[in-house]
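Residues per chain, in single letters:
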Amino acid sequence: MDVTKGLEVPGETLEAEVKAFFDSAPPLQNSDGITQLLDQFIKRNSSPSENGKARRIVCVTSGGTTAPLEQRCVRYVDNFSSGHRGATSTEYFLKAGYAVIFLNRKGSFQPFCRSLPDDPLLECFKPTDESNIQVCEAYSEAVKRAVVDHHTAVTGGLLLKLHFNTIFEYLQILQIIAVSLRCIGPRAMFYLAAAASDYYVPWKEMVEHKIQSGSHLLDVKLVNVPKMLSVLRNDWAPLAFCISFKLETDSNILLKKATAALEKYKMDAVVANELSSRKEQVVVVTSAENVVVKRDKSRSDNDVENPLIKLISEKHATYIEHPGR
Ligand code: 9Z3
């Protein structure tokens, strides 16, 4: 089996595909507002911090994108990702001293909420009388920690959260972030944990109204989403440190696919993970070596993201010293 199949995109075709994708996308709402927020965030984190150096800024993408089937969308094709990887990684990046732009799917896991129940508002609080509520004892420590840590990160100007639903919104916002971060060169990192759709229906070819049920076959043509990793690397933010992810369910092809992506898209590292073991271990694939990173069960902060972010952050520091590839 040719594991690099699907990675071959001749330069000229890619440019045309990218143009077609953005030309056909519905206009992004509030793109000026997003650009303004980013400019303020980057400016704020570009003056020297406690160690005398400007902070490193990472864009963490998280959650799965949707590909709508109708313009007035009732149905869509979704991509699997709970957002746990991105949310957890964001917490460890903040601990490591980074400022984080958290580009996430609406409704997916959020940083600092992992120890809260699924429906925190309803389960963490109870009414004391008609007009007052209080935190339930069982969750009081977890709620306090989550509120304090989140508040500290946001009011300290270290965490900026931006949301997407569709593949159109995701790539449009990613482009704005990348172009905004270009000015800080190698101090920027992209950590692309979001599961981005591989196929989409171009907006102009999409039906406006809800597809009617009744026919035996649903005939919808989806086209390949252009490989934006190449565009990010070559055009949008050429000096940024770039980490992409490779997800497979067949562990026999995982490392070959990750290595192929590393070379094809000139990533600085590809984090290879297999669906069922993704919370236990990942492999960081670089041109120099493959490092297996495992969850340390003996620690209290025993997420696999803890050693993963340490390793990535060290590699980023080395890259900043010697940015050549
Ligand atoms: C990942 O591989 C993430 O680690 C997971 C995290 C989605 C597995 P969860 O959000 O899961 O914690 O539930 N993300 C990237 C997946 C992806 O679509 N990668 C593309 C590919 O494999 C390349 S960009 O081809």
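Sequence order as written defines the numbering, with residues in each chain counted from 1. In view of the model being predicted, local features appear only for residues whose pLDDT reaches at least 70, and side-chain atom pairs are presented and counted only at 80 or more, with totals across whole chains, interfaces and linings using the full set of residues. Excluded from the side-chain calculation are hydrogens and water; included are all heavy atoms of the structure.

Per an unreviewed UniProt entry, the protein chain goes by DNA/pantothenate metabolism flavoprotein C-terminal domain-containing protein and derives from Vigna angularis var. angularis. As stated in UniProt under Sequence similarities (unreviewed entry), the record for the protein chain gives "Belongs to the PPC synthetase family." UniProt positions are given in the numbering used here, feature names are shortened, and annotations may be inferred rather than shown by experiment.

Looking now at unusual backbone geometry. The backbone of Asn 30 shows a phi angle near 60°, a positive value even though the residue is not glycine. Assignment of secondary structure puts Asn 30 in the loop between helix H1 (11-24) and helix H2 (31-44). Of note, Lys 266 is a non-glycine position whose phi angle comes to about 55°, a positive value. Within the secondary structure layout, Lys 266 lies in the loop between helix H8 (251-265) and strand E12 (269-274). Strands here are runs of E lasting at least two residues and helices are runs of H or I lasting at least four, both read from the DSSP assignment and numbered beginning at the N terminus.

Residues enter a nonpolar core if they are buried and are Ala, Val, Leu, Ile, Met, Phe, Trp, Tyr or Cys, with the set joined through side-chain atoms within 4.5 Å. Note on exposure labels: buried denotes an accessible area under 20% of the residue type's maximum, exposed denotes more than 50%, and partly exposed covers the range between, all computed with a 1.4 Å probe on protein chains only. Counting residues in hydrophobic clusters, the biggest one holds 92 residues, and the most contacted among them are Phe 93, Ile 177, Leu 181, Phe 190 and Tyr 191. Considering every element that reaches this core, the biggest residue donor is helix H6 (residues 167-181), with ten residues. Residues are treated as being in contact if the distance between any of their heavy atoms lies within 4.5 Å. Beyond its immediate stretch of four places on either side in the chain, Ile 177 contacts Leu 38, Cys 59, Ile 101, Leu 103, Leu 162 and Phe 190.

A few words now on the pattern of salt bridges. For salt bridges, the criterion is a side-chain nitrogen of Lys or Arg within 4 Å of an Asp or Glu carboxyl oxygen. As enumerated under the stated definition, the model contains 14 salt bridges in all. The residue Glu 208 makes a salt bridge to Arg 72 at a minimum N-O spacing of 2.6 Å. With Glu 208 in the loop between strand E9 (199-200) and strand E10 (223-224) and Arg 72 in the loop between strand E2 (66-68) and strand E3 (76-78), the pair connects residues that are 136 residues apart, well separated along the chain. When its relative accessible area of 36% is taken as the criterion, Glu 208 is described as partly exposed. For Arg 72, a relative accessible area of 52% gives the class exposed. Two residues, Glu 91 and Arg 114, come together in a salt bridge whose shortest N-O distance is 2.8 Å.

Turning our eyes to something else, we now look at the packing of helix H3 (residues 84-95) against helix H9 (residues 305-321). Here, axes are lines fitted to C-alpha atoms. For helices the fit covers the stretch in contact, and angles between N-to-C directions go from 0 to 180 degrees. Two elements in contact, H3 and H9, have axes whose closest approach is 9 Å; the angle formed by their N-to-C orientations is 60°. By the angle between their directions, the pair H3 and H9 is classed as oblique. The interaxial crossing formed by H3 with H9 has right-handed handedness. Of the residues in H9, those in contact with Arg 85, Thr 88, Ser 89, Tyr 92 and Phe 93 of H3 are Glu 305, Asn 306, Ile 309 and Ile 312. Each angle is binned into one of four classes, with values under 35 degrees roughly parallel, values over 145 roughly antiparallel, values of 65 to 115 roughly perpendicular, and all other values oblique. We call a crossing left-handed when the near helix sits turned anticlockwise from the far one by less than a right angle, and right-handed when that turn is clockwise.

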